[in-house]
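Structural overview for review
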Amino acid sequence: MRYCLALDLKDDPALIAEYEQYHKKLQPAIEASIRDYGITEMEIYRIGNRLFMIMETDETFSFEVKAAADAANPKVQEWENLMWGYQQSLPMAKPGEKWMLMKQIFQM
């Protein structure tokens, strides 16, 4: 499966540059937490302060299982708290909602 998600960064060039630096060499524990739960490929793109993520997953992937595993993993929680210092919810997000799943509207 392919999932596309969006999120905003705080609109501050220095913070955006720091955020990108963290993603140039992902911590091994964070990469493992992604791969171990069925995410086979992940790409993040940016325009301005808007982020767009593409996730390719295998048949074992579940948003609910991944969220529960992340909540129980101190390294992932540390990473998420660090990243939230750079991120902000999309204007239409519910309170506490981060990455939002996008609806596919076209395919060729």
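Residues numbered from 1 in each chain as written. Predicted model: local features only at pLDDT ≥ 70, side-chain atom pairs only at ≥ 80, totals over all residues. Heavy atoms only, no water.

Naming follows an unreviewed UniProt entry, where the protein appears as L-rhamnose mutarotase of Spirosoma foliorum.

Brief notes about the overall build of the protein
Counting its secondary structure elements, the protein contains 4 helices and 5 strands. Taken from N to C terminus, the helices and strands of the protein fall in the order β-α-α-β-β-α-α-β-β. Over its C-alpha atoms the protein spans a radius of gyration of 14 Å, differing by no more than 12% from the 13 Å that the globule rule assigns to 108 residues. Considered along the principal axes of its C-alpha atoms, the protein spans approximately 40 × 40 × 30 Å. Taken across its 108 residues, the protein has 29% of its residues classed as buried. A separation of at least 24 residues holds for 69% of the contacts in the protein among residues at least 6 apart in sequence. Of the roughly 7600 Å² that the protein leaves accessible, carbon and sulfur atoms contribute 56%. Between the centroid of the 12 positive side chains of the protein and the centroid of its 17 negative side chains there is a distance of 3 Å. (Helix = DSSP H or I, 4+ residues; strand = E, 2+ residues; numbered from the N terminus. Rg over C-alpha atoms; globule rule 2.2 N^0.38 Å. Buried < 20%, exposed > 50% of the residue type's maximum accessible area, 1.4 Å probe, protein only. Contact = heavy atoms within 4.5 Å. Areas by Shrake-Rupley, 256 points an atom, 1.4 Å probe, with all protein chains shown as cover. Lys, Arg positive; Asp, Glu negative; His and termini not counted. Charge placed at Lys NZ, Arg CZ, Asp CG, Glu CD.)

Quick look at the pairing of strand S2 (residues 39-47)
Of the pairings in the sheet, the one linking S2 to strand S3 (residues 50-57) comprises 8 bridges and is antiparallel in character. For Glu 43, the partnering residue across the bridge sits in S3 and is Ile 54. Turn length for the S2-S3 hairpin, with the two strands adjacent in sequence and antiparallel, is 2 residues, and the turn residue Gly 48 shows positive phi of about 60 degrees. (Pairing = 2+ DSSP bridges.)

What to know about the pairing of strand S1 (residues 2-9)
Of all 8 residues that make up S1, 6 are buried, and the element is covered over most of its length. Strand direction decides the pairing type here: S1 and S3, joined by 7 bridges, are antiparallel. Across the sheet, the residue bridging to Ala 6 is Phe 52, located in S3. Bridging between S1 and strand S5 (residues 100-101) involves 2 bridges; their strand directions are antiparallel. Paired with Ala 6 across the bridge in S5 is Met 100.

Focus: the pattern of salt bridges
Working definition: two side chains of opposite charge can pair if their charged atoms are close together. Scanning all chains against the criterion turns up 6 salt bridges. Of the charged contacts, one joins Glu 56 and Arg 2 as a salt bridge, the two residues approaching to 2.6 Å between their closest N and O atoms. Of the two residues, Glu 56 is situated in strand S3 and Arg 2 in strand S1; the sequence distance between them amounts to 54 residues. Residue classification places Arg 2 among the exposed positions, given a relative accessible area of 55%. Residues Arg 46 and Glu 20 are paired through a salt bridge, measuring 2.5 Å at the closest nitrogen-oxygen approach. (Salt bridge = Lys/Arg side-chain N within 4 Å of Asp/Glu carboxyl O.)

With respect to the environment of Ala 14
With respect to the element layout, Ala 14 can be found in helix H1 (residues 13-24). Relative accessible area serves as the criterion here: at 47%, Ala 14 is assigned to the partly exposed category. Sequence separation between Ala 14 and Tyr 86 is 72 residues; the distance between their C-alpha atoms is 9.9 Å.

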